[in-house]
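# Secondary and tertiary structure notes
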Amino acid sequence: MRKINEIFYSLQGEGYHTGTPATFVRFSGCNLKCHFCDTRHEEGVWMTDDEILQEVLNYPARMVILTGGEPSLWIDAALIGRLREAGKYISIETNGTRPLPAGIDWVTCSPKAGGAVVLDRMDEVKVVYEGQDLAPYEGLPARHFFLQPCSGLNIPETVACVLAHPRWRLSLQTHKLIDIR
């Protein structure tokens with residue numbers, strides 16, 4: 001059994017895959033408590049892998065995004081295998097503080113203060129920008145680096161930081177800008 005906050009169909013609103021239709025599996029709970037988080041961690045329902053897979057299969061997208069909370073608290077090789085058998089492209093949004101099972105196609109690591117990154121593989125790094133030094137993230141093993149304004153409140157500062165550090169790209173929460181989930 002896994003504690004699920006919600007499962008829904010929408011467009012990816014952040015990072016590299018912005019605009020891509022996806023089924024989101026949002027897990028409950030997190031090992032970090034960031035003040036800007038937009039997920040109510042304590043809420044959720046217990047679901048079996050069969051129930052999760054059935055709900056995922058209700059939607060036409062090939063991409064499934066495992067998110068949270070912190071999905072690494074809940075996922076394992078069995079769930080990843082079931083999604084893969086169903087022909088899904090599996091993406092995860094994680095804070096990077098816990099190891100991940102094999103078989104995930106795309107890893108988005110969003111490191112947070114107070115959490116040491118243990119991943120040796122990630123496709124993109126997405127940092128919620130609050131004026132912090134970017135140097136600690138520069139050595140992470142990713143191909144793509146994104147800065148995202150904190151709750152959309154510091155857009156000018158984030159833009160200025162990206163302009164000063166051209167390795168980084170701007171990521172806006174487009175789903176919030178166009179009022180979708």
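Parameters at a glance
- Residues numbered from 1 in each chain as written.
- Predicted model: local features only at pLDDT ≥ 70, side-chain atom pairs only at ≥ 80, totals over all residues.
- Heavy atoms only, no water.
- Salt bridge = Lys/Arg side-chain N within 4 Å of Asp/Glu carboxyl O.
- Helix = DSSP H or I, 4+ residues; strand = E, 2+ residues; numbered from the N terminus.
- Phe/Tyr/Trp six-rings, centres within 6.5 Å; stacked < 30°, edge-to-face > 60°.
- Buried < 20%, exposed > 50% of the residue type's maximum accessible area, 1.4 Å probe, protein only.
- UniProt positions renumbered as here; feature names shortened; annotations may be inferred.
- Contact = heavy atoms within 4.5 Å.

### Describing the pattern of salt bridges
Evaluated as defined, the whole model comprises 10 salt bridges. The residue Asp50 makes a salt bridge to Arg82 at a minimum N-O spacing of 2.6 Å. Residue Asp50 is located in helix α1 (residues 49-56), and its partner Arg82 is located in helix α2 (residues 77-85); the two are separated by 32 residues in the primary sequence. Connected via shared salt-bridge partners are Arg2, Asp49 and Asp76.

### Some words on the packing of aromatic side chains
Going through the model one piece at a time under the given rule, you end up with five aromatic pairs. Taking 4.9 Å as the distance between ring centres and 5° as the angle between the ring planes, the aromatic pair formed by Phe8 and Phe24 counts as stacked. Taken as a pair, Phe8 in strand β1 (residues 2-11) and Phe24 in strand β2 (residues 21-27) lie far apart in primary sequence, 16 residues in all. Each member of the pair, Phe8 as well as Phe24, carries the same accessibility label: buried. Taking 5.2 Å as the distance between ring centres and 70° as the angle between the ring planes, the aromatic pair formed by Phe145 and Trp168 counts as edge-to-face. Of this pair, Phe145 sits in strand β8 (residues 144-149) while Trp168 sits in the loop between α4 (155-164) and β9 (169-170), and the two are 23 residues apart along the sequence. In terms of burial, Phe145 and Trp168 fall into one category: buried.

### What about the UniProt feature "binding site: S-adenosyl-L-methionine" (unreviewed entry) in the protein?
Residues annotated in UniProt with the feature "binding site: S-adenosyl-L-methionine" (unreviewed entry) correspond here to Phe36, Cys37, Asp38, Gly69, Ser110, Pro111 and Lys112. Tracing the backbone shows Gly69 in the loop between β4 (63-67) and α2. In this fold, Ser110 is placed in the loop between β6 (106-109) and β7 (124-129). On the basis of relative accessible area, Ser110 is assigned to the buried category, the value being 9%. Those residues in contact with Ser110 that lie beyond four places of it in its chain are Thr94, Asn95, Lys126 and Val128.

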